[in-house]
Amino acid sequence: MRESTGAGRFAPSPTGELHVGNLRTAILAWLFARSTDRRFLLRIEDLDRVRAGAEQAQLRELMALGLTWDSPLTRQSDDGHRYVRALENLRHAGMLYECFCTRRDIADASSAPHAVPGIYPGTCRDLGEAERARLRLAKPPALRLRSGVDTWTIIDELNGNYAGSVDDFVVRRNDGVPSYNLAVVVDDAAAGIDQVVRGYDLLSSSPRQAYLGELLGLPTPRYVHVPLALNPDGRRLAKRDGAVTLEDLASQGLDASQVRDVILGSLGLPTASLADALVAFDPSNLPRAPWIVSPSRLSSTGMPSVTPNR
Ligand code: GLU
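Quick summary incoming for the structure in this document.

Cut-offs applied
- Residues numbered from 1 in each chain as written.
- Predicted model: local features only at pLDDT ≥ 70, side-chain atom pairs only at ≥ 80, totals over all residues.
- Heavy atoms only, no water.
- Phe/Tyr/Trp six-rings, centres within 6.5 Å; stacked < 30°, edge-to-face > 60°.
- Helix = DSSP H or I, 4+ residues; strand = E, 2+ residues; numbered from the N terminus.
- Buried < 20%, exposed > 50% of the residue type's maximum accessible area, 1.4 Å probe, protein only.
- Near = heavy atom within 4 Å.
- Polar contact = N/O pair within 3.5 Å; in protein donor to acceptor, adjacent residues only side chain to side chain.
- Areas by Shrake-Rupley, 256 points an atom, 1.4 Å probe, with all protein chains shown as cover.
- 1 Å grid on protein atoms, 1.4 Å probe; cavity = no way out; pocket = protein on both sides within 12 Å on 5 of 7 lines; lining within 4 Å.
- Sits in = over half its atoms within 2 Å of the grid points.

### A look at the packing of aromatic side chains
The way to describe two aromatic rings as a pair is by their centre distance and the angle between their planes.
Link 1 in the chain: One pass over the full model with this rule turns up two aromatic pairs.
Link 2 in the chain: Ring centres of phenylalanine 32 and phenylalanine 281 lie 5.0 Å apart, and the angle between their planes is 80°; on these two criteria the pair is classed as edge-to-face. Of this pair, phenylalanine 32 sits in helix α1 (residues 20–35) while phenylalanine 281 sits in the loop between α10 (274–280) and β12 (291–292), placing them 249 residues apart in sequence. There is no split in this pair, since phenylalanine 32 and phenylalanine 281 are both buried.
Link 3 in the chain: Note on tryptophan 152 and tyrosine 211: the rings are 5.1 Å apart at their centroids and 55° apart in plane angle, and the pair reads as tilted.

This is the structure:
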């Protein structure tokens, strides 16, 4: 299927080097975008924690794999007005309320009988104006969405229909910074992104984001949540697991093109080049299970360190 409009994207948070799991997601996002004739955009998600030099390192890593992207490269910090405008729209529609809860308050409320873990229990939803004015004196509030639904269903190209919870999630933190869920929806729409390829860990955030997009009158993107890279213990791959970044692997004798080939091999794709992989790319043949990465095998053999995963 060829589609000539729209764009896909990769949206790393510049908190450190990318590991092979992140790089695999980036390659998949590129393959999904390019195989459907979409533009491929890169957005640096720098509203939150940023580590000096991490953005430059990540760009170098992506380039070393041979990935190309269309300009302009964007950063969330480029233009805060678009988040303010979205928040204003929601406020005018009566969809926001101030929340004064601490993490502790929410944890306590969530342990009450009938509470659903991970779902905001609505503590501040119906505070009176006098109460809010009193609480505001003590600390600035976060802003939450006054959600009109409990669940929302999205369609995911690899995972099918996925119905997930939508609670009164935070859209602006109490330090004034837009939340990830707000920013991602606003940013994707602003850039004309209509294909969101990212790690499976974010699947459960998609119903909140799709619902928010609907409230803001934005088109829903196509979602593709791709399998995560896990360590041999079944936990999400992390740098502490060993040599899993390009830099570490290079120091063990595996260069970036070899790492790319390991990743392509783990996806069941030809390993000679990204171009060859693109020709062979067929989402219906992708492995659906997590990629089990054993760092010592990665660096010692340069061969795909994968467990059978289909
Ligand atoms: N910045 C997020 C991350 O690095 C990805 C967000 C997204 O793709 O929606 O995990």
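### Here's the deal with unusual backbone geometry
Most peptide bonds adopt trans geometry, and most residues besides glycine take a negative phi value.
Link 1 in the chain: Cis geometry is adopted by the peptide bond preceding proline 72, which originates at serine 71 and carries an omega value of -5°.
Link 2 in the chain: One can find proline 72 in the loop between α2 (54–64) and β3 (74–75).
Link 3 in the chain: Positive phi, close to 60°, is recorded for aspartate 37, a residue that is not glycine.
Link 4 in the chain: Among the structural elements, aspartate 37 can be located in the loop between α1 and β2 (39–44).
Link 5 in the chain: Given the relative accessible area of 36%, aspartate 37 is considered partly exposed.

### A short note on the site of the ligand
Link 1 in the chain: Taken together, the neighbourhood of the ligand is formed by Arg9, Ala11, Pro12, Ser13, Glu45, Tyr180, Val184, Arg198 and Leu202.
Link 2 in the chain: Alanine 11 places a main-chain nitrogen or oxygen 2.8 Å from a nitrogen atom of the ligand.
Link 3 in the chain: Between the ligand and serine 13 there is a distance of 2.8 Å, counted from a nitrogen atom to a side-chain nitrogen or oxygen.
Link 4 in the chain: Starting from 300 Å² of accessible surface for the ligand in isolation, the protein chains cover 75%.
Link 5 in the chain: Mapping the ligand onto the cavity grids shows that it belongs to the largest pocket.

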